[in-house]
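Summary of structural features
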Amino acid sequence: MDTAKRLLSTTGSSVGSIAAAIGYKSDTQFHAAFKKAVGATPRYYRLASKR
């Protein structure tokens, strides 16, 4: 998840392409795992990290 968090906060890549880059077969699986691990959705995390 550290790689996903870094990519979300430093790139404009889509959540789907980040999910694929770190080995998830679907955005849905990634979304659920990210929310469970981080406590926020990938989109919310990206928006919060831009502030």
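Above this text you will find the structure in question.
Note that the structure is a prediction, hence the values are computed from the model and not measured.

Notes on the nonpolar core
Side chains of a nonpolar character, in soluble globular proteins, are inclined to be buried together. Counting residues in hydrophobic clusters, the biggest one holds seven residues: Ala4, Leu7, Leu8, Ile18, Ala19, Phe30 and Phe34. Every element with two or more residues in this core is listed here: α1 (2-10), α2 (15-21) and α3 (27-38). The element that contributes the greatest number of residues to this core is α1, accounting for three residues. Aside from chain neighbours lying at most four places away, what touches Ala4 is Ile18, Ile22, Phe30 and Phe34.

As for α3
End to end, α3 covers 16 Å across twelve residues, agreeing with the expected 16 Å (1.5 Å per residue, within 8%). With its phi angle positive at about 90 degrees, Gly39 sits one or two positions after the end of α3.

Thoughts on the packing of aromatic side chains
Evaluation of the coordinates by the stated rule reveals three aromatic pairs. Measuring from centroid to centroid gives 5.6 Å for Phe30 and Phe34, while their planes differ by 50 degrees, and the two rings are tilted. Taken together, the residues Phe30 and Phe34, both in helix α3 and four residues apart, mark about one turn of the helix. Pair check on accessibility: Phe30 and Phe34 agree, each one buried. By way of ring pairs, the aromatic residues Tyr24, Phe30, Phe34 and Tyr45 are connected into one cluster.

Parameters and conventions
- Residues numbered from 1 in each chain as written.
- Predicted model: local features only at pLDDT ≥ 70, side-chain atom pairs only at ≥ 80, totals over all residues.
- Heavy atoms only, no water.
- Core = buried A, V, L, I, M, F, W, Y, C linked by side-chain atoms within 4.5 Å.
- Buried < 20%, exposed > 50% of the residue type's maximum accessible area, 1.4 Å probe, protein only.
- Helix = DSSP H or I, 4+ residues; strand = E, 2+ residues; numbered from the N terminus.
- Contact = heavy atoms within 4.5 Å.
- Expected span 1.5 Å × (residues − 1).
- Phe/Tyr/Trp six-rings, centres within 6.5 Å; stacked < 30°, edge-to-face > 60°.

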